[in-house]
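Observations on the model geometry
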Amino acid sequence: MDIGVMNGNIPAPLMAIDEDDEFFLTLTNVGMIMRPDLFEQHTVHFHGYPNASSFYDGVPDASIAINIGGSFTYYYLAPDAGTYFWHCHITPPEHLQMGMVGQIYVRPRQNRVASGNSLYASLQAQQTDLRTACNPAADILCTNPLPVTNTGASEGVDPLTGKPYLYAYNDGDGTTVYEVEYPLQIHGFDPNFHFVGMTFNPEAFVDMKDKYFLLNGRSYPDTVTPGPHADGVI
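Predicted model only: the values in this text are computed from it and were never measured. (Residues numbered from 1 in each chain as written. Predicted model: local features only at pLDDT ≥ 70, side-chain atom pairs only at ≥ 80, totals over all residues. Heavy atoms only, no water.)

Examining unusual backbone geometry
Short version of the rule: Runs of H or I in DSSP of at least four residues are treated as helices and runs of E of at least two as strands, each being numbered from the N terminus.
At the junction of tyrosine 220 and proline 221, the peptide bond is cis and its omega measures out at 10° in the coordinates. Structurally, the position occupied by proline 221 is in the segment after strand S10 (212-215). In this structure, asparagine 216 takes a positive phi of about 50° despite not being glycine. Tracing the backbone shows asparagine 216 in the segment after S10.

What follows is the structure in structure tokens.
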């Protein structure tokens, strides 16, 4: 039940997968304890993410939605590195306010290059595979073309962390290397809208006006307060 209600947290759980991973996600719609009169469906929409099929897209017009008491398993193949987000695509203004929105990390293949191996040669090998080839002239979604020149960059160990270098994309020259990562989600919150929703009144979306600016579910000064809130919510 805790997972079903997103642990009462904003943002919702982070999903992190590697390129080429097959990802299976089962969503169960358990309903709302405080609003048993509601019968809303739910979905998971991977926003901006290239889905394996529109059947798993989470937009009810093009796929399916899960009724209360039902479950559905989504399937995703992770072909493209980047930072994305997911959310419920049934009445999105409401459900984003309820915390049904989280981040997705797709880590690039370049993270798996063996220490000492050439980043350029690794990306060059990807171009020989039709599943991973990237031709910007033919594919506007291509995100990892070969760099103009081979800089001779190779995979190594970060002296600060003692761990292999990490990259944002398959760059072939090490230009997208990073040392630390922090998920950051910009959000908003309207307490009046939530009060109306909890007191069995019809919610007028046109009247929804965010009163608080949130970073990872927190408004200032809690944005700089470490650890859980006083009420235990992270």
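Description of the pattern of salt bridges
Convention followed: Salt bridge criterion: a side-chain nitrogen from Lys or Arg within 4 Å of a carboxyl oxygen from Asp or Glu. Under the scheme applied here, a residue whose accessible area is under 20% of the maximum for its type counts as buried, over 50% as exposed, and between as partly exposed, the area being computed with a 1.4 Å probe on protein chains only.
Throughout the structure, instances matching the rule amount to five salt bridges. Between aspartate 20 and arginine 109 there is a salt bridge, with the nearest N and O atoms lying 2.9 Å from each other. On the criterion of sequence distance, the pair formed by aspartate 20 in the loop between strand S1 (15-18) and strand S2 (22-28) and arginine 109 in the loop between strand S6 (101-107) and helix H2 (119-126) is long-range, its members being 89 residues apart. Given a relative accessible area of 9%, arginine 109 falls into the buried group. Here aspartate 20 makes a salt bridge to arginine 112, at a shortest N to O gap of 3.2 Å. Note that aspartate 20 is positioned in the loop between S1 and S2 and arginine 112 in the loop between S6 and H2, a separation of 92 residues in sequence. Among the residues examined, aspartate 20 registers a relative accessible area of 40% and is labelled partly exposed.

Observations concerning helix H3 (residues 191-198)
Rules: Directions pointing from the helix axis toward each C-beta atom define the arc. Residue contacts are defined here by distance: any two heavy atoms, one from each residue, within 4.5 Å place the two residues in contact. Whenever two N or O atoms come within 3.5 Å, that pair is a polar contact, provided that in protein one can donate a hydrogen and the other can accept it, and provided that, for residues adjacent in sequence, both atoms are side-chain atoms.
Along H3, the residues that are buried comprise Phe193, His194 and Gly197. Buried residues along H3 cover an arc of 100° about the axis, so they all sit on one side. Tucked inside the fold, the buried residues of H3 contact helix H1 (92-97) and strand S9 (186-189). Between the side-chain oxygen of the N-cap and the backbone nitrogen of asparagine 192 there are 3.1 Å, and the N-cap of H3 in question is aspartate 190.

Points about the nonpolar core
Quick reminder of the rule: We call a set of buried Ala, Val, Leu, Ile, Met, Phe, Trp, Tyr and Cys residues a nonpolar core when their side-chain atoms join them within 4.5 Å.
Counting residues in each nonpolar core, the largest one holds 18 residues, and the members touching the most others are Val44, Phe46, Tyr49 and Tyr74. Elements that contribute at least two residues to this core include exactly S1, S2, strand S4 (71-77), strand S5 (82-87) and S6.

Examining the environment of proline 93
Examined against the element boundaries, proline 93 turns out to sit in helix H1. Taking relative accessible area as the criterion, proline 93 reaches 40% and is therefore assigned partly exposed. Taking C-alpha positions, proline 93 is 23 Å from glycine 70, a pair spaced 23 residues apart along the chain. Those residues within four positions of proline 93 in sequence are excluded, and the remaining contacts are Phe205 and Met208.

Here's the deal with the confidence of the model for the protein chain
Test applied: pLDDT measures the predictor's confidence residue by residue and takes values from 0 up to 100.
Within the protein chain, residue pLDDT values average 83, and 93% of them lie at 70 or more. Within the model, pLDDT remains below 50 along residues 1-6, and this stretch shows seven contacts once partners closer than five positions in the same chain are excluded.

Looking at the side chain of histidine 187
Positionally, histidine 187 belongs in strand S9. Classification of histidine 187 as buried rests on a relative accessible area of 13%. One polar contact links the side chain of histidine 187 to the main-chain carbonyl oxygen of leucine 96, over a distance of 2.9 Å. For histidine 187, the contacting residues outside a window of four places in its chain are Ile10, Leu96, Gln97, Val101, Tyr212, Phe213 and Leu214.

Observations regarding the layout of surface pockets
Threshold: Both site types are read off a 1 Å grid over the protein atoms alone. A 1.4 Å probe that fits but cannot get out defines a cavity, while an open set with protein on both sides within 12 Å along at least five of seven lines defines a pocket; lining residues have an atom within 4 Å of a point. Grid points are joined across faces, edges and corners, and a volume is the space filled by probe spheres set on the points. Residues are sorted three ways: Asp, Glu, Lys and Arg are charged, Ala, Val, Leu, Ile, Met, Phe, Trp, Tyr, Cys and Pro are nonpolar, and all the rest, Gly among them, are polar.
Roughly 290 Å³ of volume is contained in the second largest pocket. If you go around the second largest pocket, you meet 17 residues; those closest to its centre are Pro79, Asp80, Asp139, Leu141 and Cys142. The class makeup of the residues in the lining of the second largest pocket is eight nonpolar, four polar and five charged.

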